[in-house]
Amino acid sequence: MVIRGLGRVALSSLLAVLLAILVACGGTTAEPQAPAAPAATSPPAAAGQAAATAEPEPTAMPAMADAETYLHLAVTPLPQDTFYPWLATSSGHLVFRPMWENLSTIDPKTGVSEVYPQLARDWDISADASEYTFYLQEGVQFHFGHGEFTVKDVILTIDQQMSDPLAGCKAPLKRFMGADSMTEMIANGDMEVIDDYTFKMNLVQPQVDVISWWFNILVVPCVGIRSSAHYEAEGDAMFENGPAATGAYQFAQRELKEFAEYEAVPYDHWRVNPEFKRLRITTAPEDLTRLAMLLTGEANMVDVPKVLHQQAIDEGMEIFESPLPTVGLTIIPFGQYYVTEVNWNPDTEPWNAPGETGNMVREAMNRAINREQIINELFKGRGEPMYNTTYHPSLEGWNPRWEEEFDDKYGYDLERARQLLDEAGFPGDNGENRFSLEVWQSSLPGLPETIEVAQTVAQSFEDIGINVNLVEVEFARALDAFRDLHDAHFILPVRQTLRPITANARIYYYAGGGQVSETSGLPTGGVAYIESPLYDEVYHRLLEETDPEIRESEARRMGDDIYDTYRTIPVVNIRSTLVANPDEVAEYSFGSLTGVFGHLEYAKAAK
């Protein structure tokens, strides 16, 4: 057992030692061992578990260092750190996951390919995906004695998530609900509360992924259930004081941009009783700081770049790896606004030029990237090549030819990249100063290597004569550019989560049907990383099509166009990793989540 609680002086000293070790070892050249992935945890119980019969009493949270067993996870800062869940994206909901449960969930062993019941014990979906009936678990208790979970709490949750114009769930939920809230949906006659544990929704447009995506743990912010009774008692203040939810952990305390603390509920949870009775999630921007926290015992599980793994292994730490690839790293050339043409600058941003000119520039940018070097040096060999952004062999629409043709179409070739830029009309000054662009760099939990990747990408573009301005930003600033729709005009390495194709199509390729607001002049839907009339057409078809063969064909049709026109710069799919102290954490299985780390309640304590 390691000693906890070393102060800042000790931490600073260890950071200096670690820096010296890294320099002495030649920086990023050390090769880590390849430990086996841990055995998967038991899947979440589907239904029929015994519920607690008595309402729990609120309990005080002791100091973390006084707890007999606690799990302390240190990660990179969240893209948004807020008490109010509707103001954060899924990546910012790591701190909500321990407390909240959703109507449905996934299992780390199977990822997004299978959906399991959680607070909804069952559901019925009509053949045309326009009518849903949900049957809720009975007897599930809210934290701090705030009553039993019912349909009323689902209504409150969704109403809150649609209450703010900036809420990420508002627009997509409204599209299939046909209302600004669930309460309004009831008033319109499109939702029926049959009893406390059953409700039916009639959608204004078919939506095949309500239960597999929008009401799932994959999108925690949309239907992460909290207590309507607690909200009636405290209002918005409950989010700062500790929102009552139904998860295996309950809120203890939180300091924005620093940490969140939880305790296991003081009663038999309806689903699982965590082995770790205390949980803390700390955010720290410096990679070496997080590693030092692990080695000094201030944390027992941390997210650090893979170039630091060997130093941790040498100190007796263990690498936990997700059972399946959870995230990918892809590079997005923003500004391909071919539907709305809002803030579209093809003349000054050659990678956005229409037709063959843009295709050749984007192919050149792809061929400037040495993917093998990135995988081997920055990810220490822990990754598999990504052949098409948002697509994976385990998901709908996969085309084997993308892998077969990848070397010929995307392979690293600086000479060919320079030739393509010449042919596209950007010879520059004897191959230099062809045009200028910005590469933004920022990091996210679960993929701390993005900073180093951005620097590598910038140098790669310089190598083929493109002038690069490397800009370091917090991801929240980049996110503001995405949310403003069409304020993004840069190149950015981003984390790609393996999701159902309808979800990723909406985030990466959907322009909202081309509709533009008369007041703002901006698109009214989608996230709009990249636009195309074809992608809008396919997305709408996938929302309502239930025939597997047609869905496969449509998803592949969009994937073929993305691949053949070089819309993105795919790099690598990664099994996410955490570094843990094996004397304290014996096992933790995680995977396929935006923000990466979920199911913390199933982590196993060392005996």
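Quick notes on the rules
Residues numbered from 1 in each chain as written. Predicted model: local features only at pLDDT ≥ 70, side-chain atom pairs only at ≥ 80, totals over all residues. Heavy atoms only, no water. Phe/Tyr/Trp six-rings, centres within 6.5 Å; stacked < 30°, edge-to-face > 60°. Helix = DSSP H or I, 4+ residues; strand = E, 2+ residues; numbered from the N terminus. Buried < 20%, exposed > 50% of the residue type's maximum accessible area, 1.4 Å probe, protein only. Pairing = 2+ DSSP bridges. Polar contact = N/O pair within 3.5 Å; in protein donor to acceptor, adjacent residues only side chain to side chain. Contact = heavy atoms within 4.5 Å. Expected span 1.5 Å × (residues − 1). Salt bridge = Lys/Arg side-chain N within 4 Å of Asp/Glu carboxyl O. Disulfide = S-S within 2.5 Å. Axes fitted to C-alpha atoms, helices over the stretch in contact; angles between N-to-C directions. Parallel < 35°, antiparallel > 145°, perpendicular 65-115°, else oblique. Left-handed = near helix turned anticlockwise from the far one by under 90°. Nonpolar A, V, L, I, M, F, W, Y, C, P; charged D, E, K, R; others polar.

With that settled, consider the packing of aromatic side chains. On inspection of all chains with the given rule, the structure shows 29 aromatic pairs. Arranged with centres 5.1 Å apart and planes meeting at 80 degrees, the rings of tyrosine 387 and phenylalanine 406 form a pair that is edge-to-face. Separated by 19 residues along the polypeptide, tyrosine 387 in the loop between strand S14 (384-385) and helix H13 (401-404) and phenylalanine 406 in helix H14 (residues 406-410) bring together distant segments of the chain. Side by side, tyrosine 387 and phenylalanine 406 carry an identical accessibility label, which is buried. Ring centres 4.7 Å apart and planes at 40 degrees place the aromatic pair tyrosine 410 and tyrosine 566 in the tilted group. Note that tyrosine 410 is positioned in helix H14 and tyrosine 566 in the loop between helix H20 (548-564) and strand S18 (569-574), a separation of 156 residues in sequence.

Picture the strands of a sheet paired through backbone hydrogen bonds; they go either parallel or antiparallel. One open sheet accounts for 7 strands, arranged S8-S9-S10-S1-S11-S19-S12; its pairing is mixed. Only two strands of the sheet have a single partner each, and these edge strands are strand S8 (249-255) and strand S12 (318-321). Inspection of the sheet shows strand S9 (residues 259-264) paired to strand S10 (residues 278-283) by 5 bridges, in the antiparallel sense. Across the sheet, phenylalanine 259 pairs through a bridge with threonine 282, a residue of S10.

So, on to the side chain of glutamate 554. Mapped onto the elements of the fold, glutamate 554 is located in helix H20. Side-chain polar atoms of glutamate 554 contact the side chain of arginine 557, separated by 2.9 Å. Filtering out sequence-adjacent residues up to four positions away, glutamate 554 remains in contact with Val538, Arg541 and Leu542.

What follows is about helix H11 (residues 355-367). A rise of 1.5 Å per residue sets the reference length of H11, with its 13 residues, at 18 Å; its end C-alpha atoms lie 19 Å apart and thus fit the reference within 8%. Those residues of H11 lying buried are Gly358, Asn359, Met360, Val361, Arg362, Glu363, Ala364, Met365, Asn366 and Arg367.

Moving on, we get to the pattern of salt bridges. Enumeration according to the criterion identifies 25 salt bridges in this entry. As a salt-bridge pair, lysine 306 and glutamate 449 come within 3.2 Å of each other at their nearest N and O atoms. With lysine 306 in the loop between strand S11 (301-302) and helix H10 (309-314) and glutamate 449 in the loop between strand S15 (436-441) and helix H16 (450-463), the pair connects residues that are 143 residues apart, well separated along the chain. The exposure class assigned to lysine 306 is buried, which follows from its relative accessible area of 3%. Measuring nitrogen to oxygen at the nearest pair gives 2.8 Å for the salt bridge that ties arginine 551 to glutamate 396. With arginine 551 in helix H20 and glutamate 396 in the loop between S14 and H13, this residue pair connects regions lying 155 residues apart in the sequence. According to the relative accessible area criterion, arginine 551 is buried, its value standing at 9%. Assessed through its relative accessible area of 26%, glutamate 396 is described here as partly exposed. Counted as one network, the salt bridges with shared partners bring together Arg401, Glu405, Lys409, Asp560 and Asp564.

Another aspect to go through is unusual backbone geometry. One non-glycine residue, lysine 257, adopts positive backbone phi at about 65 degrees. At tyrosine 566, a residue that is not glycine, the phi angle is positive and equals roughly 55 degrees.

Once that is clear, we can look at the state of the cysteines. According to the stated counting rule, one finds 1 disulfide in the structure shown. Here cysteine 169 connects covalently by a disulfide to cysteine 222, the sulfurs 1.9 Å from one another. Across the S-S bond linking cysteine 169 and cysteine 222, the dihedral sits near -100 degrees, which makes this disulfide left-handed. Taken together, the residues cysteine 169 in the loop between helix H2 (151-161) and helix H3 (170-177) and cysteine 222 in helix H6 (residues 220-223) connect sequence positions 53 residues apart.

Another aspect to go through is the environment of histidine 72. With respect to the element layout, histidine 72 can be found in strand S1 (residues 70-75). As for histidine 72 and isoleucine 281, which are separated by 209 residues in sequence, their C-alpha atoms are 6.0 Å apart. Apart from the residues within four sequence positions on either side, histidine 72 is in contact with Arg280, Thr282, Met293, Glu298, Ala299, Asn300 and Met301. At 2.7 Å, the side chain of histidine 72 and the side chain of threonine 282 are in polar contact.

A few words now on the pairing of strand S17 (residues 491-497). Residues in a regular strand project their side chains so that they alternate between the two faces of the sheet. With 7 of its 7 residues buried, S17 lies for the most part within the structure. Residues Ile491, Pro493, Arg495 and Thr497 point to one face of S17 and Leu492, Val494 and Gln496 to the other, with burial holding for every one of them. Where strand S13 (residues 327-333) and S17 come together, 7 bridges link them in antiparallel fashion. Bridge pairing links leucine 329 to arginine 495 in S17.

All right, on to the environment of aspartate 407 then. Of note, aspartate 407 is situated in helix H14. In the structure, aspartate 407 is positioned 40 residues away from arginine 367 in sequence and 9.6 Å away in space, judged by C-alpha atoms.

A few words now on the packing of helix H18 (residues 501-509) against helix H19 (residues 533-544). At a closest axis distance of 10 Å, the pairing of H18 and H19 adopts a crossing angle of 150 degrees. The angle between the axes of H18 and H19 places the two elements in the roughly antiparallel class. Crossing handedness for the pair H18 and H19: left-handed. Of the residues in H19, those touching H18 at Ile501, Thr502, Ala505, Arg506 and Tyr509 are Tyr535, Asp536, Tyr539, Leu542 and Leu543. Of the residues contributing to the contact of H18 with H19, the split by class is 7 nonpolar, 1 polar and 2 charged.

Everything listed here is a matter of coordinates, which is why it stays silent on function.
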